[in-house]
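Descriptive structure summary
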Amino acid sequence: MDTPTENVLTKTAAPPAGDAVRPAAGRTRIRIGRVRIIASLSVIALYVAAAIIGPILLTYDPVATDLGSRLKPPGTLLPNGHTAIFGTDQVGQDVLAQMTQGARVSITVGVATLVLAGVIGVAAGVAAGYFGGWPDMVLMRLADIQLTFPSILLAVFIASILGPSVVNVVIVLSISNWVTFARVTRSQVLGLKSRDFVDATRTLGARTWHLLIRGILPSMAAPILVVATVELGHVILAEASLSFLGLGTPSSTPSWGLTIANGRDYLSNAWWISTIPGIGLAALVIGFGVLGDALRDRFDPRLRSM
């Protein structure tokens, strides 16, 4: 018969079941997150490589036509000896060549838009969160007013005024996306400006700009990186939408949205003109979305400690 002392030792020595499961679940979550990051980065790297190397290997003239090779299905061997891997469009142009050129334009527009929108949004968020007062009231009310309009409708309205151009697309999308950076930055600054290291730096006599650049901005780099990663996919999709409507890049500049729009009248007999670029666009946007979600899980302390 067990003594009371043995019962106590037995109960103390047996670890709770949850303690054994929790580390294993945490390791599994970390492995899944690492796989998501690697897989999404691989997809994005493939598109970046295609955007850089593709136009060098596949020549593309936006005004050249070859009516003898029009509407050829994928894998067709053309009279010039070139194989149309993704087929040709209604004027005989190679769809793969258009996609590689469009990837270069879309990624360039996306990166330029994020740089411009990020600079404007982070500056506005820092001014609103750190200084408060009337800058906070004016900037946040302006952000609230802009958020009442759907971003794509606002982009369409501004693009219809400025006209189709790559530079105008960057300006339009920057105006539509600075609010996200501003609101995230403001929330981060409000939480950081009362931290002990900020108070200690201020007590040592650091100036405001030194405190912001050396103390607060580096501490919120991870959330801004996550927002930029997610927004890059949205920006590329918005650029394609504007080009599809004829308000994005001009007809002389290849774009995924423009290619999809050119093939919408041939879906019954030449589905590949719109379908293949659409699938490529969706894969890139999903890749950025998965990467942003995985980075959020990795850098968010609350999710990491669960």
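Here is a short report on the structure shown in this document.

Calculation criteria
Residues numbered from 1 in each chain as written. Predicted model: local features only at pLDDT ≥ 70, side-chain atom pairs only at ≥ 80, totals over all residues. Heavy atoms only, no water. Helix = DSSP H or I, 4+ residues; strand = E, 2+ residues; numbered from the N terminus. Buried < 20%, exposed > 50% of the residue type's maximum accessible area, 1.4 Å probe, protein only. Contact = heavy atoms within 4.5 Å. Areas by Shrake-Rupley, 256 points an atom, 1.4 Å probe, with all protein chains shown as cover. Patch = residues over 30% accessible without salt bridge, like charges linked within 9 Å, V, L, I, M, F, W, Y side chains within 5 Å. Salt bridge = Lys/Arg side-chain N within 4 Å of Asp/Glu carboxyl O. Lys, Arg positive; Asp, Glu negative; His and termini not counted. Charge placed at Lys NZ, Arg CZ, Asp CG, Glu CD.

A look at the overall build of the protein chain
On a plain count of helices and strands, the protein chain comes out with 12 helices and two strands. When its helices and strands are written in sequence order, the protein chain yields α-α-β-β-α-α-α-α-α-α-α-α-α-α. Counting all 306 residues of the protein chain, 41% fall into the buried class. Within the protein chain, residue pairs in contact and separated by at least 24 positions form 70% of the contacts whose partners lie at least 6 positions apart. Carbon and sulfur atoms make up 68% of the accessible area of the protein chain, which amounts to about 16700 Å² in all.

Section: unusual backbone geometry
The backbone phi angle of L71 is positive, close to 55 degrees, even though this residue is not glycine. By relative accessible area, L71 is classed as buried at 19%.

Some points on the environment of M140
Inspection of the secondary structure assignment puts M140 in helix α4 (residues 133-147). Taking relative accessible area as the criterion, M140 reaches 3% and is therefore assigned buried. Between the C-alpha atom of M140 and that of R186, which follows or precedes it by 46 residues, the distance is 9.3 Å. Here M140 is in contact with A128, A182 and R186, once residues within four sequence places are set aside.

Section: the side chain of S255
You can see S255 is positioned in the loop between α9 (221-244) and α10 (256-262). Overall, the relative accessible area of 0% leaves S255 in the buried class. Sequence-distant contacts of S255, defined by excluding residues within four places in its chain, comprise G102, E239, S243 and T249.

What to know about a positive patch on the surface
Judged by side-chain charge, R27, R31, R34 and R298 come together as a positively charged surface patch. If one sorts the elements of the positive patch by residue count, helix α2 (residues 17-57) sits on top with three residues. The topology assignment puts R31 in helix α2.

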